[in-house]
Amino acid sequence: MQADLEKTLSSLVSSELALFNELALLVEKEEECVLQEDMECLLDVLQEKQDVISRQEKIHEGWSSISSSLGLSEGRDGPSFWSRLGELLGEGAGDLKASLSVIRDVAGKVLEQEIRVQGLLEKHVDSLRSQMAQVSRGKKALQGYSKAGGV
């Protein structure tokens, strides 16, 4: 059981770190889109970010599942979780905690980056709104054309 638990925990940690790194790259790309006032690019990046966030939620469910299997009501951020893992894994629990600390650092940097991009977005919102209106008008025109038998 201990080997399986260690393998599962290691997989969760590495997957979570990979997703935060992926999210960091997407936020950088989002910033470029905003600076270029490229609405199409921005919408694509936001869709990609949503996919990453959905995968992060699945990882969170994995942590909750482990917590439940240990008979705990709290998640990985609670002291009982780490106490129980310490009993089961010994030294491995400390390594796991250190890995999660790295994840928290990366997540904090992504959040700071996201806040910066949101500020940029606010500065460029008028231009981006104009582009959205053009996209919307284009879609309506295409729909009207299709209904009239043109496509």
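Anything mentioned here points back to the structure above.
As the structure is a prediction and not an experimental result, all values here were calculated from the model.

What counts, and at which threshold
- Residues numbered from 1 in each chain as written.
- Predicted model: local features only at pLDDT ≥ 70, side-chain atom pairs only at ≥ 80, totals over all residues.
- Heavy atoms only, no water.
- Disulfide = S-S within 2.5 Å.
- Buried < 20%, exposed > 50% of the residue type's maximum accessible area, 1.4 Å probe, protein only.
- Axes fitted to C-alpha atoms, helices over the stretch in contact; angles between N-to-C directions.
- Helix = DSSP H or I, 4+ residues; strand = E, 2+ residues; numbered from the N terminus.
- Parallel < 35°, antiparallel > 145°, perpendicular 65-115°, else oblique.
- Left-handed = near helix turned anticlockwise from the far one by under 90°.
- Nonpolar A, V, L, I, M, F, W, Y, C, P; charged D, E, K, R; others polar.
- Core = buried A, V, L, I, M, F, W, Y, C linked by side-chain atoms within 4.5 Å.
- Contact = heavy atoms within 4.5 Å.
- Polar contact = N/O pair within 3.5 Å; in protein donor to acceptor, adjacent residues only side chain to side chain.
- Salt bridge = Lys/Arg side-chain N within 4 Å of Asp/Glu carboxyl O.

Further remarks concern the state of the cysteines. According to the stated counting rule, one finds one disulfide in the structure shown. Covalently, cysteine 33 is tied to cysteine 41 through a disulfide, its sulfur atoms 1.8 Å apart. You'll find cysteine 33 and cysteine 41 in the same group, each marked buried.

It is the contact of helix 1 (residues 2–35) with helix 2 (residues 39–69), at a shortest axis distance of 9 Å, that shows an interaxial angle of 160°. It follows that helix 1 is roughly antiparallel to helix 2 by the angle criterion. For the element pair helix 1 and helix 2, the recorded crossing hand is left-handed. Grouping the amino acids of the contact of helix 1 with helix 2 by side-chain chemistry returns 19 nonpolar, four polar and seven charged.

Considering soluble globular proteins, one finds that nonpolar side chains tend to be buried as a cluster. Ranked by internal contacts, the top residues of the largest apolar core, which has 35 residues, are Leu9, Trp63, Ile66, Phe81, Leu85 and Leu96. Looking at this core, the elements with two or more residues in it are helix 1, helix 2, helix 3 (79–89) and helix 4 (91–123). Top contributing element to this core by residue count: helix 1, with 12 residues. If we skip the residues at most four places from it in the chain, isoleucine 66 touches Leu5, Thr8, Leu9, Leu12 and Phe81.

This next bit is on the side chain of glutamate 16. When you line up the elements, glutamate 16 lands in helix 1. At 3.1 Å, the side chain of glutamate 16 forms a polar contact with the side chain of tryptophan 63. When residues no more than four places from it in sequence are discounted, the contact partners of glutamate 16 are Ile59, Trp63, Arg76, Leu100 and Ile103.

Bringing the pattern of salt bridges into the picture now. A complete count under the given rule lists eight salt bridges for this structure. Between glutamate 22 and arginine 55 there is a salt bridge, with the nearest N and O atoms lying 2.8 Å from each other. Of this pair, glutamate 22 sits in helix 1 while arginine 55 sits in helix 2, and the two are 33 residues apart along the sequence. Judged by its relative accessible area of 30%, glutamate 22 is partly exposed. Under the relative-accessibility criterion, arginine 55 is labelled partly exposed at 30%. The residue arginine 84 makes a salt bridge to glutamate 87 at a minimum N-O spacing of 3.1 Å.

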